[in-house]
Every structure is written in C-alpha cells, then in structure tokens.
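So you can see what is in the structure, the chains are spelled out below.
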Amino acid sequence: MNRKTFLKAGSLTGAVSLLSGSNAFSQNMVDNDMDKLVDANGNYIQQPLPYAENFLEPYRDAETMHLHYTFHHGNAVKGANKDLSMIQKAMNDNNLETVDFWTKKLSYHFSSHVLHSIFWTNLTNKKTTPSGDLLKRIDKNFGSYDQLKALIAETSKNVDGNGWGIVAYQPCSDSLVVLQCENHEKLTQWGCIPLLVIDVWEHAYYLKYKNKRTDFVDALFNIINWDNAAQRLNTAVKLMK
Ligand SMILES: [Fe+2]
C-alpha cells in the first residue's frame, strides 16, 4: 500500500472536514468543497492563515495567533507526516511492533490538523449570527440559538484538561449535535461532520486570558463566523444526499 492509497483508506474512517467553495476564505482553505489538508503527493499540508495575525483583536491577540498557528497547528502537521511515514516504514520492514504507538500518534496529530484548519475559518472580525437552514436546524434541534449558545459554551468550558467544544452535523439523524472532545481525537461520535469548533486548549487563550477559560469562551462569541458554519452545513448535507 503506498502513501496515497493509505491516506484514501484512512479518510474513509477518519474525520470528515468540509467547507463550501463559495466562502470568502476559499482561496486559501478549500479544494473541491473540502478543507485542503493533503497535497497531491499525499503529504499533510497546512494552509496559510486566511487573515492577518492581528485580524481577530482584541478578542484574540496577534502573539497567541502566531504561536497557535505556527507551532501548535504547524507541529501537528509535521507530526502527522512523521507518524504516517513510520507506519509505512513498519509495513515496508514487515515489522509491526511499533504501529500501535504510531497509529495513536497519527490519530492525535491528524485530528489536531483537521480541527485547527476548521477553527481558523470559523472565526472572523465581526459579530455574526446563524441564519437560513442553519438557524432552522438550530431551532429544531436545540430550541433556539440562545439555547445552542448556552450548550456549546458550557460544553466547551467544562472540557477536562485540553480539548474542544464542537457543533457537528450527524448524517444518520440529519441533525445537529454538540460534542465535547478531549485532546483532539477523543469522545467523538463517528460519522459526525464538524461545523463549528471551539479550541479550549490552554495554548489558545493563556497569554491573554490566563486561567480564565470561561472569559475566553464567552469572548469568542464576538468573532464566531456563523456564515462559515452555515456553508459547512450546506456542503455536509449535500455530500450526504
Ligand atoms: Fe489549538
């Protein structure tokens, strides 16, 4: 199995990450309605930030953005490439003793790559609110936008250790769900497609908000790009039809 075939097989069981091509960030972030996470040779690649590092100030400071994007996301991409190569090496050497270790590492690093790639596009420098089909589904599945906001905020604030709050589309029930993810890869529900992700790793907020994760999550609602979440929903629903 070569690298490309391996990646293809992996993508069938891994997280699905989507974004409509009509998005303002499409030039940097998407390819054929999917987040561009992999190049033509099967190497994981990090796309440029879709805005300047100070674009989200005052809610997210430029220094945090620089460190977060360059080192935390960037190192996850490097790590995922190494993990994949080590699995391939083990297969080529016909010695699978280490694949348990590298498979766990790959899950961690690749999931970080997926979620960070979505996170950058989920943010903008103005306040937005859900509309259209997204709002209809929010009302149907959670009662109201305010109730979803309370649920995703509470879920994000209470992650044990580092992790993410996630609003996702669940194809089998044709509904929206809220997930609480630990690290980058734990506590998922298979098949769900992330639409909105909230990074509550300490690296996402500690320089500006110190130990006050609650303040950080509340502040994020000033810069969440609900239009991006709505486009991701449209793409996910279309793909699953
Ligand atoms: Fe992060």
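You'll find the structure just up there.
Residues numbered from 1 in each chain as written. Predicted model: local features only at pLDDT ≥ 70, side-chain atom pairs only at ≥ 80, totals over all residues. Heavy atoms only, no water.

A. Representation of the packing of aromatic side chains in the model. Per the counting criterion, the structure on display carries eleven aromatic pairs. Both rings, one in Tyr51 and one in Phe55, keep their centres 5.0 Å apart while their planes meet at 15°; by these two values the pair is stacked. Judged by relative accessible area, Phe55 falls into the partly exposed class, the value being 27%. Pairing Phe119 with Trp164 gives two aromatic rings, centres 5.8 Å apart and planes at 85°, and the pair type is edge-to-face. Of this pair, Phe119 sits in helix H4 (residues 99–121) while Trp164 sits in strand E3 (residues 163–170), and the two are 45 residues apart along the sequence. For the pair formed by Phe119 and Trp164, the shared burial category is buried. Clustering of aromatic rings is evident, with ring pairs tying together Tyr69, Phe119, Trp120 and Trp164. (Phe/Tyr/Trp six-rings, centres within 6.5 Å; stacked < 30°, edge-to-face > 60°. Buried < 20%, exposed > 50% of the residue type's maximum accessible area, 1.4 Å probe, protein only. Helix = DSSP H or I, 4+ residues; strand = E, 2+ residues; numbered from the N terminus.)

B. Quick peek at the pairing of E3. With eight of eight residues buried, E3 is to be regarded as a mostly interior element. Every second residue of E3 is oriented toward a common face, with Gly163, Gly165, Val167 and Tyr169 on one face and Trp164, Ile166, Ala168 and Gln170 on the other, all of them buried. Two elements, E3 and strand E4 (residues 175–182), share eight bridges in a ladder whose sense is antiparallel. Along E4, the bridge assignment pairs Ile166 with Leu179. (Pairing = 2+ DSSP bridges.)

C. Up close: helix H5 (residues 132–142). Those residues of H5 not exposed but buried are Leu134, Arg137, Ile138 and Phe142. Down the axis of H5, the buried set is contained in an arc of 105°. They therefore lie on one face. For H5, the exposed residues lying more than 90 degrees away from the buried face are Lys136 and Lys140. Residues of H5 that are buried in the fold lie against helix H6 (145–157), E3, E4 and helix H9 (226–240). Gly143 occupies a position one or two residues after H5 and carries a positive phi of about 100°. (Arc of directions from axis to C-beta. Contact = heavy atoms within 4.5 Å.)

D. Inspection of the nonpolar core at higher detail. Grouped together as the largest cluster of nonpolar side chains are 63 residues, with contacts concentrated most on Leu134, Ile138, Trp164, Ile166, Tyr169, Leu176 and Trp226. Among the domains, domain 1 (3–121) and domain 2 (132–240) are the pair contributing at least three residues each to this core. (Core = buried A, V, L, I, M, F, W, Y, C linked by side-chain atoms within 4.5 Å. Domains from an automatic or database assignment.)

E. Region of the structure containing the coordination of the iron ion. The coordination sphere of the iron ion, as far as protein atoms go, consists of His68 (NE2), His116 (NE2), Asp199 (OD) and His203 (NE2), spread over 1.9 to 2.1 Å. In this structure, the iron ion is coordinated by four donor atoms arranged in tetrahedral fashion, with angles at the metal of 88 to 129°. Sequence positions of the residues that donate to the iron ion give the spacing H-x47-H-x82-D-x3-H. With His68 in helix H3 (residues 62–92) and His203 in the loop between strand E5 (193–199) and helix H7 (206–209), the pair connects residues that are 135 residues apart, well separated along the chain. Classification of His203 as buried rests on a relative accessible area of 18%. (Donors = N, O, S within 2.8 Å, 3.2 Å for Na, K, Ca; no water. Tetrahedral: all angles 85-135°; square planar, octahedral: opposite > 155°, others 65-115°.)

F. Region of the structure containing the side chain of His113. Mapped onto the elements of the fold, His113 is located in helix H4. Beyond its immediate stretch of four places on either side in the chain, His113 contacts Leu37, Tyr44, Ile45, Gln46, His73, Ala76 and Val77.

G. Region of the structure containing the pattern of salt bridges. Counting across every chain of the model gives six salt bridges. Asp100 serves as the salt-bridge partner of Lys104, at 2.7 Å between the closest nitrogen and oxygen. Placement of the pair is Lys104 and Asp100 together in helix H4, with a separation of four residues, close to one helical turn. By relative accessible area, which is 52% here, Lys104 ends up exposed. (Salt bridge = Lys/Arg side-chain N within 4 Å of Asp/Glu carboxyl O.)

H. Highlighting the sheet that holds E5. Spatial ordering of the open sheet is given by E4-E3-E5, a layout of three strands whose pairing is antiparallel. Bordering the open sheet on either side are E4 and E5, each of which pairs with just one other strand. On average, each strand axis in the sheet is tilted by 20° relative to the strand beside it, whichever way the strands run. Helix-sheet contacts for H5 involve E3 and E4, and the interaxial angle to E4 is about 75°. (Axes fitted to C-alpha atoms, helices over the stretch in contact; angles between N-to-C directions.)

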